[in-house]
There are 2 protein chains.
Amino acid sequence: ENLTVGQYNLVYNAFSFGFATLAAATIFFWLGRSQVDTKFKTALTITGLVTAIAAYHYFRIFESWTASYAFIDGTLQATGVPFNDAYRYVDWLLTVPLLLIELILVMGLSRSETISRATRLGLLAALMVALGYPGEVAASGGGRWIWGLLSMIPFLWIVYELFVGLSKSISNQPESARGLITLARNVTVASWAFYPVVYFAGAIGLGGAGSEVIIQVGYTIADIVAKAGFGVLIFLIAVRKSEAMA
Amino acid sequence: ENLTVGQYNLVYNAFSFGFATLAAATIFFWLGRSQVDTKFKTALTITGLVTAIAAYHYFRIFESWTASYAFIDGTLQATGVPFNDAYRYVDWLLTVPLLLIELILVMGLSRSETISRATRLGLLAALMVALGYPGEVAASGGGRWIWGLLSMIPFLWIVYELFVGLSKSISNQPESARGLITLARNVTVASWAFYPVVYFAGAIGLGGAGSEVIIQVGYTIADIVAKAGFGVLIFLIAVRKSEAMA
Ligand SMILES: CC1=C(/C=C/C(C)=C/C=C/C(C)=C/C=O)C(C)(C)CCC1
Ligand SMILES: CC1=C(/C=C/C(C)=C/C=C/C(C)=C/C=O)C(C)(C)CCC1
């Protein structure tokens with residue numbers, strides 16, 4: 001599994017791009033707090049935390065990537081320092097529950113509904129990530145499939161909750177925000193569905209340098225859409241709802 | 001006491017996770033200051049200080065961990081640079097008294113009761129940490145037991161103060177915040193009780209790589225619950241009490 005220089009650089013630049021985008025998004029969300037009603041400030045704080053935590057992990061993952069390869073006499077060689085795949089999963093363990101909480105918060109449901117939905121979705125998300133990790137680092141293709149399929153169970157449950165469980169709450173939203181909230185829900189489901197696709201694409205060509213590149217670049221794109229892109233929608237929803245209240 | 005690569009990585013990722021969580025929590029608390037009444041801003045400032053101080057120490061402890069091992073020719077080896085255990089105790093010396101002060105502050109007691117309770121609890125906490133340290137670095141299992149048991153005396157006194165001393169003040173709290181304050185008190189006692197458990201679990205298998213891993217991962221989980229988790233409760237209490245005042 002020897003990487004070409006082109007493959008090495010592609011991943012290298014994807015990580016740097018991920019860091020820059022997520023750090024910039026963080027500042028956008030936190031500065032935006034002053035433009036929305038108090039009720040929605042926590043949602044923007046959390047959106048910014050998600051991208052901040054992710055930016056930190058992209059910084060670390062970039063460092064881990066550059067530490068694991070070196071140019072010796074002009075050719076690219078593995079240094080023997082292992083690339084730390086766990087950063088992504090540590091990141092998801094924190095950010096995926098936060099993203100779901102954010103979606104719930106911006107809907108402005110009653111206190112008890114907020115707590116029960118956020119707890120259930122948060123726990124399912126943590127379970128999904130915890131089941132995926134052993135598969136990501138499995139030595140064999142079989143392990144990748146088994147853990148991945150187990151992780152699909154909480155994933156599909158979350159999708160069900162978002163589509164069926166939230167549909168009534170969505171129809172109670174103010175007219176001007178309803179379209180955006182539906183969009184945020186759909187962006188969540190669509191961007192999240194991209195992760196298992198990347199994961200199983202990695203299972204098909206397991207071990208090859210090509211599948212390493214697909215996984216790293218694929219997850220990076222998915223992270224940017226699911227965190228920064230989604231956050232922009234949350235910001236727009238908060239602004240519209242604040243206007244509707246004023 | 002040779003660590004496997006898996007054990008090394010587990011501790012490595014736990015430290016990185018601790019840093020990310022505590023740094024994110026800090027920002028959450030400080031941004032949240034703008035959402036509460038002036039009376040509770042100091043409590044949020046302090047919650048954020050606790051997590052900020054801890055984030056700093058996790059950064060340092062991570063650096064100390066990576067400095068004490070290296071991958072040489074693809075295998076993990078101790079470098080001879082000692083891992084600095086003292087960071088945790090320096091951290092606790094600062095953060096444990098602050099946590100207790102925070103709990104007192106958010107209760108909004110009279111000025112004289114605030115001062116006398118905060119002083120007593122703060123001193124007991126400092127004593128508890130100071131007595132624990134010689135045991136943590138003791139070369140023999142016996143030393144670990146003796147200092148640990150001495151440290152249990154102020155610890156149990158604190159637990160007593162929280163349960164018995166504070167119960168009257170808790171029943172004077174406004175209805176809407178009482179449940180959360182009781183929860184914060186219970187989370188304090190439960191999460192703090194986890195520290196001596198980790199400590200004595202380390203005494204049982206002292207010296208082995210396994211007990212090093214248990215201690216480091218165990219304290220990290222405890223720190224996240226006792227500082228970030230507890231802080232979220234303080235934030236919620238402050239928000240509810242501010243609403244009740246408005
Ligand atoms: C279903 C499934 C997975 C789903 C991962 C998801 C849905 C991750 C979402 C991450 C996000 C949204 C990060 C941004 O904050 C795994 C773990 C790849 C393993 C294979 C099965
Ligand atoms: C009783 C006891 C201990 C208690 C430690 C505690 C209770 C630490 C709490 C730390 C917190 C809350 C940090 C977060 O800010 C030691 C020192 C392990 C030594 C063994 C006996």
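Parameters and conventions
Residues numbered from 1 in each chain as written. Chains lettered and ligands numbered in written order. Predicted model: local features only at pLDDT ≥ 70, side-chain atom pairs only at ≥ 80, totals over all residues. Heavy atoms only, no water. Contact = heavy atoms within 4.5 Å. Buried area = accessible area lost by both parts, 1.4 Å probe. Salt bridge = Lys/Arg side-chain N within 4 Å of Asp/Glu carboxyl O. Helix = DSSP H or I, 4+ residues; strand = E, 2+ residues; numbered from the N terminus. Nonpolar A, V, L, I, M, F, W, Y, C, P; charged D, E, K, R; others polar. Buried < 20%, exposed > 50% of the residue type's maximum accessible area, 1.4 Å probe, protein only. Axes fitted to C-alpha atoms, helices over the stretch in contact; angles between N-to-C directions. Parallel < 35°, antiparallel > 145°, perpendicular 65-115°, else oblique. Left-handed = near helix turned anticlockwise from the far one by under 90°. Phe/Tyr/Trp six-rings, centres within 6.5 Å; stacked < 30°, edge-to-face > 60°. Lys NZ or Arg CZ within 6 Å of the ring centre and 35° of its normal.

Trainee: Describe the interface of chain A and chain B, and please don't skip the residues or the numbers.
Mentor: Of the residues lining the interface, 22 residues belong to chain A; the matching set on chain B comes to 20 residues. Buried area between chain A and chain B, both sides added, is near 1,900 Å², and the carbon and sulfur share of it is 65%. For chain A, the biggest contributors to the area lost against chain B are Tyr56(A), Arg60(A) and Arg111(A); these three give 23% of the whole. A salt bridge links Glu243(B) to Arg111(A); its shortest N-O distance comes to 3.1 Å. For the side of chain A that touches chain B, the secondary-structure elements that each account for two or more residues are α2 (38-68) and α3 (86-107) of chain A. Among the elements that make up the side of chain A that touches chain B, the one with the highest residue count is α2(A) (10 residues). Its residues assigned to classes, the side of chain A that touches chain B comprises 12 nonpolar, six polar and four charged.

Trainee: Describe unusual backbone geometry, with residues and values.
Mentor: Notably, Asp73(A) is not glycine yet its phi reads approximately 50°, a positive angle. The class for Asp73(A) is exposed, based on a relative accessible area of 79%.

Trainee: Any chance you could break down the packing of helix α1 (residues 5-32) of chain B against helix α8 (residues 209-245) of chain B for me, citing the residues and the numbers?
Mentor: Residue and element names in this part refer to chain B. Between α1 and α8, the least distance of the axes is 10 Å, while the angle of their chain directions is 10°. In terms of axis orientation, α1 runs roughly parallel to α8. Classified by chirality, the crossing of α8 by α1 is left-handed. Taken together, the residues of the contact of α1 with α8 sort by class into 16 nonpolar, eight polar and two charged.

Trainee: Summarise the packing of aromatic side chains; cite the residues concerned and give the values.
Mentor: In this description, a pair of aromatic rings is defined by centroid distance and the angle of the planes. Overall, the coordinates contain 42 aromatic pairs over all chains when judged by the stated rule. On the basis of an interplanar angle of 55° and a centroid distance of 4.8 Å, the ring pair of Tyr12(A) and Phe62(A) is categorised as tilted. A residue pair is termed long-range when its members are at least 10 positions apart, and Tyr12(A) in helix α1 (residues 5-32) and Phe62(A) in helix α2 qualify at 50 residues. Relative accessible area serves as the criterion here: at 29%, Tyr12(A) is assigned to the partly exposed category. In textbook terms, an aromatic cluster arises when at least three aromatic residues are bridged by ring pairs, as seen for Tyr87(A), Tyr8(B), Tyr12(B), Phe15(B), Tyr58(B), Phe62(B), Trp65(B), Tyr69(B), Phe71(B) and Phe83(B). A cation over an aromatic ring shows up here: Arg144(A) above the ring of Tyr199(A), its NZ or CZ 4.4 Å from the ring centre.

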